[in-house]
Amino acid sequence: MDISTVLSYIQSYGYGIIFLFLFFGIIGVPAPEESLLVFLGMLISHDQLAWANCFLVSWLGATIGMMTGYGMGRFLGHPFMKKYGKYVGIKEEKWERASSLFHKYGKWFVLFGFYLPGVRQISPYMAGVIRFPFRLFLLLASIGAVLWIVPITFIGMFLSQHLDIPIASVPLIGAALFLLFLVAVWIKQLVGKKQFEN
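Treat the numbers as computed from the prediction; the structure is a model and nothing was measured. (Residues numbered from 1 in each chain as written. Predicted model: local features only at pLDDT ≥ 70, side-chain atom pairs only at ≥ 80, totals over all residues. Heavy atoms only, no water.)

*Asks:* Explain the nonpolar core to me, please; I cannot follow it from the model alone.
*Replies:* In globular proteins that are soluble, nonpolar side chains generally tend to be buried together. Counting residues in hydrophobic clusters, the biggest one holds 34 residues, and the most contacted among them are Phe137 and Trp148. Taken together, the elements giving at least two residues each to this core come down to helix H1 (3-27), helix H2 (33-45), helix H3 (51-84), helix H4 (92-112), helix H5 (119-129) and helix H6 (134-162). With residues near it in sequence (within four places) discarded, Trp148 still touches Leu22, Glu33, Glu34, Leu37, Ala62, Phe114, Tyr115 and Arg120. (Core = buried A, V, L, I, M, F, W, Y, C linked by side-chain atoms within 4.5 Å. Buried < 20%, exposed > 50% of the residue type's maximum accessible area, 1.4 Å probe, protein only. Helix = DSSP H or I, 4+ residues; strand = E, 2+ residues; numbered from the N terminus. Contact = heavy atoms within 4.5 Å.)

*Asks:* Whenever I open this one, the packing of aromatic side chains confuses me. Can you help?
*Replies:* Aromatic ring pairs are reported here in terms of the distance separating the ring centres and the angle at which the planes meet. Applying the stated rule across the entire model yields eight aromatic pairs. Consider the rings of Phe19 and Phe23, whose centres lie 6.0 Å apart with planes at 5°: the pair is stacked. With a gap of four residues between them, Phe19 and Phe23 both fall in helix H1, about one helical turn apart. Judged by its relative accessible area of 24%, Phe19 falls in the partly exposed class. A network of ring pairs unites the aromatic residues Phe19, Phe23 and Phe24 as a single cluster. (Phe/Tyr/Trp six-rings, centres within 6.5 Å; stacked < 30°, edge-to-face > 60°.)

*Asks:* What's the story with H2 in this structure? I'm lost.
*Replies:* A turn of α-helix holds 3.6 residues, and therefore any two residues three or four places apart point the same way. With 13 residues, H2 extends 19 Å from end C-alpha to end C-alpha; this agrees with the ideal 18 Å at 1.5 Å per step. Burial runs high along H2: 12 of the 13 residues are buried. Along H2, the residues classified as buried are Glu33, Ser35, Leu36, Leu37, Val38, Phe39, Leu40, Gly41, Met42, Leu43, Ile44 and Ser45. Immediately beyond the C-terminal end of H2, within one or two residues, lies Asp47, with a positive phi of roughly 60°. (Expected span 1.5 Å × (residues − 1).)

*Asks:* What's the story with unusual backbone geometry in this structure? I'm lost.
*Replies:* Excluding glycine, most residues fall at negative phi; most peptide bonds, likewise, are trans. The backbone of Arg131 sits at a positive phi, close to 60°, despite the residue not being glycine. Along the chain, Arg131 turns up in the loop between H5 and H6.

*Asks:* Looking at this structure, how should I read H5?
*Replies:* Buried residues dominate H5, accounting for nine of its 11 residues. Turning to H5, its buried residues number three or more, namely Arg120, Gln121, Ile122, Ser123, Pro124, Tyr125, Met126, Ala127 and Gly128. Phi turns positive one or two residues past the end of H5, at Arg131, with a value near 60°.

Everything listed here is a matter of geometry and, on its own, says nothing about what the molecule does.
What follows is the structure in structure tokens.
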């Protein structure tokens, strides 16, 4: 499959895929959200995708993911999260640590938690469980999504423009970023397992 075929496939189905990656990443299904946003920035800088469309679907994916997590936390509660949270990476020890911090710094967790993998997955559930005011949550989550998506996408655009990265290598860079994400997840799990054993 040559580069033009790959890019036409991304252009045909990319916007829906972008939404799904960010939505599932927020609710706790492992997805390389930052790598995807950098990759999108590279494609935008080469006029392969439209900036406005990428931003809109990314923002919708992240914001609707946050609202879904909030709803699950609010209506299913802590017992449900305690029982099933491990399936989306929310373990009990992580939940307890996040709970104490969230009661102190909840607004900041929602607003800037996007930059912290793990926090961005837990914060909407936590907000729902403690019945954080929904309108304020939605406002903070919406603004936080913008503050997360725009700079990271611009990093991809900057790298592509100023490092003179050819368009043919963009999918390879995206694959490399995805591989780095998988390695980071594996190392994190390995370190967590060793700490648990100690």
